[in-house]
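Close look at the chain arrangement
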Amino acid sequence: MSALNIKKGSTKHSAYNLRPTFSDVQETHTLAVLVDNEPGVLARVIGLFSGRGYNIDSLTVAEVDHEGHTSRITIVTTGTPQVIEQIKAQLGRIVPVHEVHDLTVEGGSVERELALIKVEGAGDKRVEALRLADIFRAQVVDSTLESFVFQITGTPEKVDAFVDLMRPLGLLEVARTGVAALSRGM
Amino acid sequence: MTRQMTGAKMVVQALKDQGVDTVFGYPGGAVLPIYDEIFQQNGIRHYLVRHEQGAVHAAEGYARATGKPGVVLVTSGPGATNAVTGLTDALMDSIPLVVLTGQVPTFMIGSDAFQEADTVGITRPCTKHNWLVKDTDRLSGIIHEAFHVATSGRPGPVLVDIPKDVQFASGAYTEKTKVKVSHYQPQVKGDMETITQLVEAIETAERPVFYTGGGVINSGPGASQLLRELVEATGFPITSTLMGLGAYPASGKNWLGMLGMHGLYEANMSMHGCDLMINIGARFDDRITGRLDAFSPKSKKAHIDIDPSSINKVIKTDMPIIGDVGHVLEDVLKVWKARGRKVNREGLSKWWARIEEWRKVDCLKYKPSGQAIRPQYALDRLEALTKGRDRYICTEVGQHQMWAAQYLGFEDPNRWMTSGGLGTMGYGFPASIGVQVAHPDALVINVAGEASWLMNMQEMGTAVQYRLPVKQFILNNERLGMVRQWQELLHGERYSQSWSEALPDFVKLAEAFGAKGILCTDPADLDDAIMEMLDHDGPVIFDCLVEKHENCFPMIPSGEPHNKMLLGEASTKDAIGTKGAVMV
């Protein structure tokens, strides 16, 4: 939001000339949006994204303060820097939105996702699936003689990697929560 | 001790506590309890419109002409859906409205009940905020909050959807003063560091221009006063968007006229050639900027706006100042005065000399015709014959709207009601009704085209019922003039569906409603006819038959920058490239 930090007198051109158009580099940002948990609040946020043509890569939402009725919405979105700024400003305009944090620019964040992964198989494939699960620290939360349900937590990349490995071993179904994120440090 | 009352009574009580004395609306099954309460009191006057869209536009006109929020009461289902256009219009133009809709009882919501619609769902993207009230105890608090949201920060429309059982049930009334302080408190004071940067830029700029918008009007009369003071003291030229007309007087010596697609040559050339652009309460709308990569290429840009999302939305800003126009201008003046009221006199006088050259082009000149009334002439005469009167002008949307903005002079804020952002044909007539309700003794004129005017002509009933002497000044070219103009410039003169056939006899139409109609076809009769309209103490439909194929100039063709204006018929050939043609 702030102006370009060009020292007064250091250039004769306006900043407009230095950056003639907005950058078209696509960036992925994780936003944490604290909202009043009232009916329709999620529809407002999603409606903003669809109505203005922004992307949602992942979205998680749950009430985090049961007494204050506030929910935390974590949105991973992709766009040019200007679009990301617009998204934040537009989110800030929604009346029940209290705070918008761009975790990607605010000093980094811890991002985790939980996935449940159902794999069918017998014999060697079944053993291999178990072995890989062990390496990924995935837990078995359901088991039959022909299938497992693994629970895995980690970054989206780790979940992706595990899912890719399970595919040839008999992947049946995947359920993912989307990213939950908190900024690092205080 | 809290007062217990029914939800319906609460609505009326809350409106009164908010200082509301005027409501525009239309009854129906789901709001009957509220209408029953309105019947049993005198503090709030209800104006019965003829269509819910008319109610919302009337409330918009009322709001724009008073600075107070407009209030609308309509029923569920079709009542609410008919209000959608007005809500969107108010959202685009930042007009504060509180719209109350009835809803089917809570236990029937979701059952596809008679006249049920998902009103909060439908109106979510076209309101600033909306509420479905499911508990009578919360109703009055929500209405108070609704007024707060509608009028704080960047104003806009809000909607409160009230199920019928909530209206019947009793609950505790929350006094206005006891309402929990909303966390919604937009920032009004601008950042002093950036304000100082702006003042430094003001001190040294060689070719500055003020570019002002509707935000100045919305900030209140005080903001217009501060703007005038700043413009006079610096001697900078000033132009304005359609929405900002009247903030600085058209008779002021620094006035360049409106800018943008149909703006004045001197205004657009100044925007293109300036080295400091000070945007005050405008939003770099596409009607203003033209081609973005060639928009004012050599300027530093300051942008004062209360809405953070307006900053850097389309144009990169060097000095973004988030805050209320009035507050920021006050600080700008304070800092500028404290630093010795400096401007670059030498640069400024050269700049004005260039502007004078552009002014000599006289881009609004036209040749009056002896046979047909040219629309520009009609507005020139209307201006001359109403100048100095307590005058409010509304418009519909199209060529006549642009001509009105070009040829009429606005001396004060809140005197000009037009649909800028959404471009809603059918806005002007109901808006004029709202303005006249707010200012019963003022002269209220709706400059209209015949096609726009027909879109909400049913409101003649409202005008006549409440004896509102609104003057409907229809520039009748029997065409959808702006559509026709674009078809001429862009689509090989194939005038697809852009003529008005089977038009009514407007004089008879007026008489059928019990109003006065005037037909004028000859330029020689025009002055007398206008005087007859002005002298009539009642609503008038003035059918002014004008030149049918007049085009609206000057014009920046789509996809072109400010310095590529078309000034008249001769310059139009192949003016719009294929890239420009896809833009509206």
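Residues numbered from 1 in each chain as written. Chains lettered and ligands numbered in written order. Predicted model: local features only at pLDDT ≥ 70, side-chain atom pairs only at ≥ 80, totals over all residues. Heavy atoms only, no water.

When its secondary structure is counted, chain A shows 5 helices and 9 strands. Ordered by position from the N terminus, the helices and strands of chain A form the series α-β-α-β-β-α-β-β-α-β-β-α-β-β. Every one of the 186 residues in chain A was classed for burial, and the buried ones make up 38%. When the accessible area of chain A is evaluated, it comes to approximately 10,500 Å², of which 53% is carbon and sulfur surface. (Helix = DSSP H or I, 4+ residues; strand = E, 2+ residues; numbered from the N terminus. Buried < 20%, exposed > 50% of the residue type's maximum accessible area, 1.4 Å probe, protein only. Areas by Shrake-Rupley, 256 points an atom, 1.4 Å probe, with all protein chains shown as cover.)

Tallying secondary structure elements over chain B gives 24 helices and 20 strands in all. Against the globule reference of 25 Å for 584 residues, chain B gives a C-alpha radius of gyration of 24 Å, in line with a compact fold. Projected onto its principal axes, the C-alpha positions of chain B cover 70 × 60 × 45 Å. Split into buried and exposed, the 584 residues of chain B put 62% on the buried side. Put simply, chain B shows about 21,700 Å² of open surface, and 52% of that area lies on carbon and sulfur atoms. Distance between charge centres in chain B, computed from 57 positive and 67 negative side chains, equals 5 Å. (Rg over C-alpha atoms; globule rule 2.2 N^0.38 Å. Lys, Arg positive; Asp, Glu negative; His and termini not counted. Charge placed at Lys NZ, Arg CZ, Asp CG, Glu CD.)

Attention shifts here to the packing of aromatic side chains. Taken as a whole, this structure holds 17 aromatic pairs over all chains when the rule is applied. When the ring of F136 of chain A is compared with that of F162 of chain A, the centres are 5.2 Å apart and the planes differ by 50°; the resulting orientation is tilted. Highlighted residues: F136 of chain A in the loop between α4 (124-135) and β6 (139-143) and F162 of chain A in helix α5 (residues 156-166), separated in sequence by 26 residues. Three or more aromatic residues joined by ring pairs form one cluster here, namely F136, F148, F150 and F162 of chain A. Directly above the ring of F410 of chain B sits R391 of chain B, whose terminal nitrogen or CZ lies 5.8 Å from the centroid. (Phe/Tyr/Trp six-rings, centres within 6.5 Å; stacked < 30°, edge-to-face > 60°. Lys NZ or Arg CZ within 6 Å of the ring centre and 35° of its normal.)

If you look at the interface, chain B gives 29 residues, while chain A gives 24 residues. Between chain B and chain A, roughly 2,300 Å² of surface is buried when both sides are summed, and carbon and sulfur atoms account for 55% of that area. Three residues, R124, H183 and K316 of chain B, lead the burial of chain B against chain A; their summed loss comes to 28% of the area buried on that side. Linking chain B with chain A are 1 salt bridge, by the criterion used here. Close ionic contact of D307 of chain B with R93 of chain A constitutes a salt bridge, the shortest N to O distance being 2.4 Å. For the side of chain B that touches chain A, the elements supplying multiple residues, two or more each, are β6 (129-132), β13 (300-305) and β14 (319-322) of chain B. Of the residues contributing to the side of chain B that touches chain A, the split by class is 11 nonpolar, 7 polar and 11 charged. (Contact = heavy atoms within 4.5 Å. Buried area = accessible area lost by both parts, 1.4 Å probe. Salt bridge = Lys/Arg side-chain N within 4 Å of Asp/Glu carboxyl O. Nonpolar A, V, L, I, M, F, W, Y, C, P; charged D, E, K, R; others polar.)

As a further point, take the environment of V216 of chain B. All names here are of chain B. Relative to the assigned elements, V216 resides in helix α10 (residues 214-218). The class of V216 is buried, set by a relative accessible area of 0%. A C-alpha to C-alpha distance of 25 Å links V216 and W351, two positions 135 residues apart in sequence.

It is worth spelling out unusual backbone geometry at this point. All names here are of chain B. A cis amide bond, omega -5°, links F553 with the succeeding residue P554. Within the secondary structure, P554 sits in the loop between β20 (540-545) and α24 (578-581). Despite not being glycine, N312 shows a phi value in the positive range, around 60°. Examined against the element boundaries, N312 turns out to sit in the loop between β13 and β14. Although it is not a glycine, R467 adopts a positive phi angle of roughly 50°. When you line up the elements, R467 lands in the loop between α20 (460-465) and β18 (471-476).

We now examine the pairing of strand β2 (residues 22-25) of chain B. All names here are of chain B. Residues T22 and F24 of β2 are buried on one face, and the alternating residues V23 and G25, pointing to the opposite face, are buried as well. Note that β2 and strand β3 (residues 45-48) share 4 bridges and pair parallel. Following the sheet pairing, F24 is matched in β3 by Y47. Handedness of the crossover joining β2 and β3 through helix α2 (residues 32-39): right-handed. Pairing analysis gives 2 bridges linking β2 to strand β4 (residues 70-74), with the strands arranged parallel. What sits directly across from G25, in β4, is L73. (Pairing = 2+ DSSP bridges. Right-handed = clockwise from strand over helix to strand, strands pointing away.)

Attention shifts here to the sheet that holds strand β3 (residues 70-79) of chain A. All names here are of chain A. Strand order in this open sheet of 4 strands is β2-β3-β1-β4, and the pairing throughout is antiparallel. Strands at the two margins of the open sheet, each flanked by one partner only, are β2 (58-65) and β4 (97-102). When strand polarity is set aside, the average angle formed by the axes of neighbouring strands in this sheet is 20°. Sheet analysis places β2 next to β3, joined by 7 bridges and oriented antiparallel. If you follow D65 over to β3, its bridge partner there is T70. (Axes fitted to C-alpha atoms, helices over the stretch in contact; angles between N-to-C directions.)

Right, let's get into the packing of helix α9 (residues 192-204) of chain B against helix α14 (residues 325-338) of chain B. All names here are of chain B. At a minimum axis separation of 9 Å, α9 and α14 run at an interaxial angle of 60°. Considering their axes alone, α9 and α14 lie oblique with respect to each other. For α9 against α14, the interelement crossing comes out right-handed. Touching M192, I195, T196, L198, V199, I202 and E203 of α9 are V328, D331, V332, V335 and W336, all from α14. (Parallel < 35°, antiparallel > 145°, perpendicular 65-115°, else oblique. Left-handed = near helix turned anticlockwise from the far one by under 90°.)

Residues and elements named next belong to chain B. With respect to topology, 6 strands assemble into an open sheet ordered β11-β10-β9-β12-β13-β14, the strand pairing being parallel. Both edges of this open sheet fall to β11 (255-258) and β14, since each of them pairs with a single strand only. The average undirected angle you get between the axes of adjacent strands in this sheet is 15°. The sheet contact formed by strand β9 (residues 208-212) and strand β10 (residues 238-240) spans 3 bridges and is parallel. Bridge pairing links T212 to S240 in β10. Lying on the sheet, helix α15 (residues 345-360) is in contact with β9 and β11; it crosses β11 at an angle near 45°.

Right, let's talk about helix α7 (residues 136-151) of chain B for a bit. All names here are of chain B. Taking 1.5 Å of rise per residue, the 16 residues of α7 would be expected to cover 22 Å, and the 24 Å separating its terminal C-alpha atoms lies within 8% of that figure. In terms of burial, α7 is a largely internal element, 12 of the 16 residues being buried. Buried within α7 we find T136, L139, S140, G141, I142, I143, H144, E145, A146, F147, V149 and A150. The distance from a side-chain oxygen at the start of α7 to the backbone nitrogen of D137 is 3.0 Å, and the residue carrying that oxygen is D135. (Expected span 1.5 Å × (residues − 1). Polar contact = N/O pair within 3.5 Å; in protein donor to acceptor, adjacent residues only side chain to side chain.)

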